Amino acid sequence: MITLAELATNSDDKLVQGFINEIVTDNYLLGAMTFDDCLTSAGTSDLVYAYKRVKTPMTAKFRALNSEPEKSKPEVERITTRVGILSDAWEMDRVAKEAADDLYQLHVEESKNAIIRAFNKTVINGDTDADENGFDGLDKAVKGSSTEMTSAVDLSTVTKESALAFAEEMDTMLSLLMRDPDVILVSRAMKAKVNAVCRVLGIANVTADSAGHRVSSWDTIPLQEMKDGALETNDIYPVCLGMDAFHGITLKGGNAISVNLPDWTKPGAVKTGDAEFVCGCALKKTKAAGVLRAKPAARAAKASA
């Protein structure tokens, strides 16, 4: 297993190091997730990752003296998922580079941003039934599970009454998980509403992360906005991160991310650059993530906006 920060440190390619470090700085989730770097892109591998998802854990009970322990059995679902090759390519005329070198740097920067946006959107909404080249995300994984709830609270105007009702729903949702989550993923609009609830209840708290970003929280749990429309609804996703909970999947050997920039000294007027991130995700336990879906009326209003 490896984090992207460790991947950058282990890389001998300074370009890849810088690219990954910027990804980690600009995106909380990619910086916080651990990746199972177990797949190979050659030989017998077809980029398929299989694992067992614990839906209902085993239970322990007291026994009487001279009696046998009562047997229990976990309910396990076998999951098979593929990693996707998330990529972006661009081209540029050598004359354009000479005329505006900052435009060249912009292409490289935007390539990184495009990969971040696509990963964020897929980690929530990914569905291989709709895009066989991607991977399944959290929304599909928790749908119909014991950690899926639908809110009955109208937060169009945050009042003390609605804030208290929402807090009860959040406490109920979090109690369904295997432990306190490491992060709560929300849209920009819902982050504003949750922050308003926190102010009404007097529990608002804002800190700065290692990159200097302002991070608000819900009862000390970081509240992270899924930017650039990655989360198109006002649903709330609390997530437990870790190899026994929710984690990423990628290639072994430090080959998760590749960056290829053009050699401007070689013949050819138009050059091409590209970047790729081989990635997927796995939810090892159903109770490692959940969703509090926005009130149906609020979802409908969001959809028609």
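The structure displayed is predicted, hence computed values, not measured ones.

Section: the sheet that holds strand β8 (residues 206-208)
- Strand order in the open sheet made by the 5 strands is β8-β9-β10-β7-β11, with mixed pairing throughout. For this open sheet the edge positions go to β8 and β11 (237-239), each flanked by a neighbour on one side alone. Looking at each pair of strands side by side, their axes are set apart by 40 degrees on average, direction ignored.
- Relative to strand β10 (residues 221-225), strand β9 (residues 214-218) runs antiparallel, the two being bridged by 3 bridges. Across the sheet, tryptophan 218 pairs through a bridge with isoleucine 221, a residue of β10.
- Running over the sheet, helix α8 (residues 188-201) touches β7 (183-186), β9 and β10 and is turned about 65 degrees from β9.

What about the environment of isoleucine 116?
- The residue isoleucine 116 is located in helix α5 (residues 101-125) in this model.
- For isoleucine 116 and glutamate 91, which are 25 residues apart along the polypeptide, the C-alpha to C-alpha distance reads 20 Å.
- Ignoring anything within four residues of it in the chain, the contact list for isoleucine 116 reads Ile23, Asp26, Asn27 and Leu30.

Let's talk about the pattern of salt bridges
- As enumerated under the stated definition, the model contains 17 salt bridges in all.
- Through salt bridges with shared partners, a single network forms among Asp139, Lys143, Glu148, Asp235 and Arg293.

Overview of α8
- The first and last C-alpha atoms of α8 sit 20 Å apart over 14 residues, in line with the 20 Å expected at 1.5 Å per residue.
- Buried residues along α8 sit against α7 (160-175), β7, β9 and β10.
- The first or second residue beyond α8 is glycine 202, which carries a positive phi of 75 degrees.

Some details on a negative patch on the surface
- A cluster of acidic residues, Glu168, Asp171, Asp180 and Asp219, forms a negative patch on the protein surface.
- Mapped onto the elements, glutamate 168 comes out in helix α7.

A few points about helix α2 (residues 14-26)
- Over its 13 residues, α2 runs 18 Å from end to end, which matches the ideal 18 Å to within 8%, given 1.5 Å per residue.
- When α2 is considered as a whole, its buried residues turn out to be Val16, Gln17, Phe19, Ile20 and Ile23. Relative to the axis of α2, the buried residues are bounded by an arc of 170 degrees and lie together on one face.
- The N-terminus of α2 is capped by aspartate 13, whose side-chain oxygen sits 2.8 Å from the backbone nitrogen of leucine 15.

Describing the pairing of β7
- Here β7 shows a buried face lined by Val183 and Leu185 and a second buried face lined by Ile184 and Val186.
- Sheet analysis places β7 next to β11, joined by 3 bridges and oriented antiparallel. By the bridge assignment for β11, valine 183 is matched with valine 239.
- Where β7 meets β10, 3 bridges bridge the pair, whose relative direction is parallel. Counted as the bridge partner of leucine 185 is glutamine 224 from β10.

Description of the pairing of strand β2 (residues 34-39)
- Sheet topology note: the strand β1 (residues 2-3)/β2 ladder contains 2 bridges and is antiparallel. Looking across to β2, one finds that threonine 3 is bridged to threonine 34.
- Across 4 bridges, β2 lies against strand β12 (residues 246-251) in parallel orientation. When the sheet's bridge partners are listed, aspartate 36 is paired in β12 with isoleucine 249.

What counts and what doesn't
- Residues numbered from 1 in each chain as written.
- Predicted model: local features only at pLDDT ≥ 70, side-chain atom pairs only at ≥ 80, totals over all residues.
- Heavy atoms only, no water.
- Pairing = 2+ DSSP bridges.
- Helix = DSSP H or I, 4+ residues; strand = E, 2+ residues; numbered from the N terminus.
- Axes fitted to C-alpha atoms, helices over the stretch in contact; angles between N-to-C directions.
- Contact = heavy atoms within 4.5 Å.
- Salt bridge = Lys/Arg side-chain N within 4 Å of Asp/Glu carboxyl O.
- Expected span 1.5 Å × (residues − 1).
- Patch = residues over 30% accessible without salt bridge, like charges linked within 9 Å, V, L, I, M, F, W, Y side chains within 5 Å.
- Areas by Shrake-Rupley, 256 points an atom, 1.4 Å probe, with all protein chains shown as cover.
- Lys, Arg positive; Asp, Glu negative; His and termini not counted.
- Charge placed at Lys NZ, Arg CZ, Asp CG, Glu CD.
- Buried < 20%, exposed > 50% of the residue type's maximum accessible area, 1.4 Å probe, protein only.
- Arc of directions from axis to C-beta.
- Polar contact = N/O pair within 3.5 Å; in protein donor to acceptor, adjacent residues only side chain to side chain.

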